[in-house]
Each structure stands twice: as C-alpha cells, then as structure tokens.
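# Survey of secondary and tertiary structure
Listed here are the chains, written in short residue letters.
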Amino acid sequence: MRYSDVETLRSLPPPRSFTGSALFVRTFDEGMALVEETARYLDGPGRDDARALSRKGAMLYAGESMRVTTRLMQAASWLLVQRAVHDGDMEPDQASSGRYRLGSKEICMGAASEDTEDLLPPALCDLLVRSESLYRRIARLDDVLFGRGRDTVPGAHLHWNRLEQVFGGE
C-alpha cells in the first residue's frame, strides 16, 4: 500500500467510503483471484509437488500450505465483510467489532521455521510470498480503518493536531 493510499483512506469517512474506493476493488479482486489460484494449485499440481518432496520437505509443505490457506481465509473473510458493508448488508460499526477483524496474525505473519526456498516447490513459495504481502496490506487497512492506525497521523500533522488539542483549534 502506498503512502498516498493511506492518506486517501484517512480523508474518507470510514469504512463505507473505503469499500467504494479503487483501492478496495483492486485489493478485493487480487485477494479473490489469489484464493482461487491457491486452491487450484493445492488441489492439483501441489499434490504432485508434495509427493516428490523429502520427508522433511513434505512436513514443511504441510505446515506452509496450512499457513497460506489460513492467510487467504482470513483475508477473504475480511474482504467479504467489507463488501457486505458496501452493499448495505452489514453496518460499518458491526464490521469494526473484533469478531470481524483480521485474525490469526501470529500464524499468518509468522516466519517459516526453515528455509522454504530450498525445500519447497517454487510455486508454493510464490504463493507464500504473495499471500503474506496481501495479508500484511489488509492488516494495515484493518488498522487504519478500525484500529490503532485510525488515530495516527504521520509527521508534522501529528504535532499540529496535538497543538490544536492543547491550545484549542477553530
């Protein structure tokens, strides 16, 4: 996510305006396409790739395929909730509750215990990198819209806002 995207989000009345933005549409489309691509790989060529691995590689494959699946399930769930807000099927304050926030961060953002590039098929490594990137971007969006990032303003704006609070702004 670019800095300008974050600034744009901060200027919108969250979260319903966000769900109508080009950023959301791009993220949604990318996330759903990655879910489909991963499912096709894991149900098809991934099975053959896993059979060709050493015992250690197969164990790592099992763990990392669960990690990529968890990341994408969490991302897809979050994206679908935001789309429900946009469609009017869910209220924005309901979507901001902990129940609908991005979860499983300890699993999804955790590093692999082994050097995956040496032991895992390149296709799975690629899916791992792309799913982590998507998950981290959605985590930042979640923070900006509903969490700690919502009240933080970078640089001089933060100091200006503090001065206005202390001395009163118009």
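Residues numbered from 1 in each chain as written. Predicted model: local features only at pLDDT ≥ 70, side-chain atom pairs only at ≥ 80, totals over all residues. Heavy atoms only, no water.

Attention now goes to the nonpolar core. Counting 30 residues, the largest nonpolar core has Phe18, Val68, Trp78, Leu79, Leu120, Leu124 and Ile138 as its most contacted members. Secondary structure elements with two or more residues in this core: helix H3 (22-43), helix H5 (55-86) and helix H9 (122-146). If one sorts the elements of this core by residue count, H9 sits on top with 11 residues. Residues within four places of Val68 in sequence aside, it is in contact with Thr38, Leu42, Leu124, Leu127, Leu128 and Ser131. Of all hydrophobic cores here, the second largest spans five residues; its members include Val81, Ala84, Met90 and Ala95. (Core = buried A, V, L, I, M, F, W, Y, C linked by side-chain atoms within 4.5 Å. Buried < 20%, exposed > 50% of the residue type's maximum accessible area, 1.4 Å probe, protein only. Helix = DSSP H or I, 4+ residues; strand = E, 2+ residues; numbered from the N terminus. Contact = heavy atoms within 4.5 Å.)

It is worth spelling out the confidence of the model for the protein chain at this point. For residues with low pLDDT, the predicted coordinates do not support detailed interpretation. Counting all residues, the mean pLDDT for the protein chain is 83, and 75% of those residues have values of 70 or more. The low-confidence segment residues 149-153 (pLDDT under 50) makes 10 contacts with residues lying over four places distant or belonging to another chain. (pLDDT = per-residue confidence, 0-100.)

On to the packing of aromatic side chains, then. According to the stated counting rule, one finds one aromatic pair in the structure shown. Ring centres of Phe24 and Phe28 lie 5.8 Å apart, and the angle between their planes is 40°; this geometry places the pair in the tilted category. Taken together, the positions of Phe24 and Phe28, both in helix H3 and four residues apart, correspond to about one turn of that helix. Both residues of the pair, Phe24 and Phe28, belong to the buried class. (Phe/Tyr/Trp six-rings, centres within 6.5 Å; stacked < 30°, edge-to-face > 60°.)

Turning our eyes to something else, we now look at the pattern of salt bridges. The final tally for this structure, using the stated rule, is 10 salt bridges. Between Asp143 and Arg101 there is a salt bridge whose closest N-O contact spans 3.9 Å. With Asp143 in helix H9 and Arg101 in the loop between helix H6 (92-95) and helix H7 (105-108), this residue pair connects regions lying 42 residues apart in the sequence. For Arg101, a relative accessible area of 23% translates into the label partly exposed. Glu132 is paired through a salt bridge with Arg136; the nearest N and O atoms lie 2.9 Å apart. Highlighted residues: Glu132 and Arg136, both in helix H9, separated by four residues, approximately one helical turn. (Salt bridge = Lys/Arg side-chain N within 4 Å of Asp/Glu carboxyl O.)

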